[in-house]
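Residue-level structural notes
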Amino acid sequence: MTSFRDRALLRLADPATLRGLLLPAADPGRAALRTVLSTAFDLAAVRIDQVTDVAVDELEPQRPLFPAARITGNWSQTVPGYSRTELDVTEARPAAPVWIDMLARLRVTVVVDIDPAGAESVVTAPVEPTSLDDFRTRFPFLDLDAFMREHGITTLAELRERFDLLVTTIQLKAAAPFDPKDPANVRTLSVPLAVLAVDPFDLAAGLRAARLVRETARTLPGAGPATIPAETASPYALAAVLAQSGLAGGGPSAADVQRLYASAGVAALFLDDTA
C-alpha cells in the first residue's frame, strides 16, 4: 500500500497543490504564509499588513542536507632536551543526510508597512545646570553620585571644569499615514520553503523532522530580501504536511496544530489524503 508520504510527494509535485495548501479558502488571514515569512526573515522593521498571493516557481523533490564534518586536534610538545610531540585528532564523520521531501521556491506578494527609520534632525546643545539636584533632573538616566565618586568630584564646579555638559536631541522621521491601497506598499518576496511530509500523523515526529532540517541548514548562506529592509533569519522556511484525516475522530483541531507548529516556526499544512 502506498504511504502517505509517497502520495503527498506525488501531489506536491504539482505547484497548484502546494499553492492551495498555503492559501486555503478557509483562512483569509493567511496564517501559514505569515508563519513562513516570520521564519524566513527578521521583520523587526516591517509589518506585514496583508499576504495577497503566492506563486510556486520551482519544486525539487527529496533534497538532501548533509551535516557538516568536523575535525578537531591538539598538538603538544615538551622542550627543552629531547622533543616529544603528541598529536590527538578527533574526527566526526558526516552522519546520514537529512532529507527535505520537497524544496519549493516561492514568490509571496505582500502589502507591508515599513518603518521609515533614520533621524529627521540631530541637535546637540550645552546645558547649564544650576545645582547638582538640577543636574539629576536633567540627566535622570545617570547615577550622578556614583559618577562623581568614580572621578573624585565633589562639587558642580568641578564637574563643569572636567566635563562638557551637553544634551543631544534626536528627532526621528515621522511615518507617513499607512495606505494599504498604495501600490508602493506592495512587495514581492522570494522564499525557499522546505516541505516535510509527516507519515504517519505524528505531531512530535513532524516537529523533530523540522528542527533537524533547521539545525542542519543553519550554516548555509542565505540572501536577504531585496525588496524590504530585513535580514534572513533562516536559509529555509519550514512547512509540515500532515494528513487531514488525522484531525477526525476526536483528534486535535487544525487550529491547535497550527498554533503548536507556529510556535516552533513551522507552518502546518493539511492535505486531504482521501482524494
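Structural notes, computed from the coordinates. (Residues numbered from 1 in each chain as written. Predicted model: local features only at pLDDT ≥ 70, side-chain atom pairs only at ≥ 80, totals over all residues. Heavy atoms only, no water.)

Turning next to the pairing of strand S10 (residues 237-243). For a regular strand, the rule is simple: side chains alternate between the two faces of the sheet. Of all seven residues in S10, seven are buried; the element is thus mostly enclosed. Of the two faces of S10, the one lined by Ala237, Ala239, Val241 and Ala243 and the one lined by Leu238, Ala240 and Leu242 are each fully buried. Two strands pair when backbone bridges link them, and strand S8 (residues 186-197) and S10 are joined in this way by five bridges, in the parallel orientation. Paired with leucine 193 across the bridge in S10 is alanine 237. Two strands pair when backbone bridges link them, and S10 and strand S11 (residues 266-271) are joined in this way by six bridges, in the parallel orientation. (Buried < 20%, exposed > 50% of the residue type's maximum accessible area, 1.4 Å probe, protein only. Helix = DSSP H or I, 4+ residues; strand = E, 2+ residues; numbered from the N terminus. Pairing = 2+ DSSP bridges.)

This part is about the nonpolar core. One finds Leu18, Leu37, Leu106, Val108, Val191 and Leu193 to be the most contacted residues of the largest nonpolar core, which totals 38 residues. When residues of this core are traced back to their parent elements, those giving at least two are helix H1 (4-12), helix H2 (15-22), helix H3 (31-40), strand S2 (46-65), strand S5 (98-114), S8, S10 and S11. Here the element with the most residues in this core is S5; it accounts for six residues. Non-local contacts of valine 108, meaning those with residues more than four positions away in its chain, are made with Leu33, Leu37, Val51, Asp53, Val54, Arg187, Thr188, Leu189 and Val191. Counting residues in each nonpolar core, the second largest holds 21 residues, with Val213, Val257, Tyr261 and Ala264 among its members. (Core = buried A, V, L, I, M, F, W, Y, C linked by side-chain atoms within 4.5 Å. Contact = heavy atoms within 4.5 Å.)

Judged by side-chain polarity, Val122, Ile170 and Leu172 come together as a nonpolar surface patch covering roughly 310 Å² of accessible area. Tracing the sequence through the fold places isoleucine 170 in strand S7 (residues 166-172). On the accessibility criterion, isoleucine 170 (52% relative accessible area) is exposed. (Patch = residues over 30% accessible without salt bridge, like charges linked within 9 Å, V, L, I, M, F, W, Y side chains within 5 Å. Areas by Shrake-Rupley, 256 points an atom, 1.4 Å probe, with all protein chains shown as cover. Salt bridge = Lys/Arg side-chain N within 4 Å of Asp/Glu carboxyl O.)

When the charged atoms of two side chains lie near each other, side chains of opposite charge can form a pair. Going through the model one piece at a time under the given rule, you end up with twelve salt bridges. The salt bridge partner of aspartate 101 is arginine 5, with a shortest N-O separation of 3.5 Å. Note that aspartate 101 is positioned in strand S5 and arginine 5 in helix H1, a separation of 96 residues in sequence. The buried category is assigned to aspartate 101, whose relative accessible area is 8%. Notably, a salt bridge pairs glutamate 128 with arginine 160, separated by 3.9 Å at the nearest N-O pair. Taken together, the residues glutamate 128 in the loop between strand S6 (119-126) and helix H4 (132-138) and arginine 160 in helix H6 (residues 156-162) connect sequence positions 32 residues apart. Ionic contacts of the salt-bridge type, sharing partners, join the residues Arg47, Asp49 and Asp113 into one network.

Here the focus is the packing of aromatic side chains. Under the definition given, this model contains three aromatic pairs. For the pair phenylalanine 147 and phenylalanine 163, a centre-to-centre distance of 5.2 Å together with 55° between the ring planes defines the contact as tilted. One end of the pair, phenylalanine 147, is in helix H5 (residues 144-151); the other, phenylalanine 163, is in the loop between H6 and S7, with 16 residues separating them in the sequence. An aromatic cluster is present here, built from Phe135, Phe139 and Phe141 joined pairwise through their rings. (Phe/Tyr/Trp six-rings, centres within 6.5 Å; stacked < 30°, edge-to-face > 60°.)

Contact geometry for helix H7 (residues 203-216) and helix H8 (residues 254-263): axes closest at 11 Å, N-to-C directions at 25°. With respect to each other, H7 and H8 are oriented roughly parallel. The hand of the H7/H8 crossing is right-handed. Every residue of H8 that contacts H7 at Leu203, Gly206 and Leu207 is listed here: Val257, Leu260 and Tyr261. Grouping the amino acids of the contact of H7 with H8 by side-chain chemistry returns five nonpolar, one polar and no charged. (Axes fitted to C-alpha atoms, helices over the stretch in contact; angles between N-to-C directions. Parallel < 35°, antiparallel > 145°, perpendicular 65-115°, else oblique. Left-handed = near helix turned anticlockwise from the far one by under 90°. Nonpolar A, V, L, I, M, F, W, Y, C, P; charged D, E, K, R; others polar.)

Quick look at unusual backbone geometry now. The linkage connecting aspartate 199 with the following residue, proline 200, adopts the cis geometry, with an omega of 0°. In this structure, proline 200 sits in the loop between S8 and H7. The phi dihedral of arginine 30 is positive, around 55°, even though this residue is not glycine. Inspection of the secondary structure puts arginine 30 in the loop between H2 and H3. Here glutamine 62, not a glycine, exhibits a phi torsion of approximately 50°, which is positive. Position of glutamine 62 relative to the elements: it lies in strand S2.

Remember, this is a structural readout, not a statement about activity or role.
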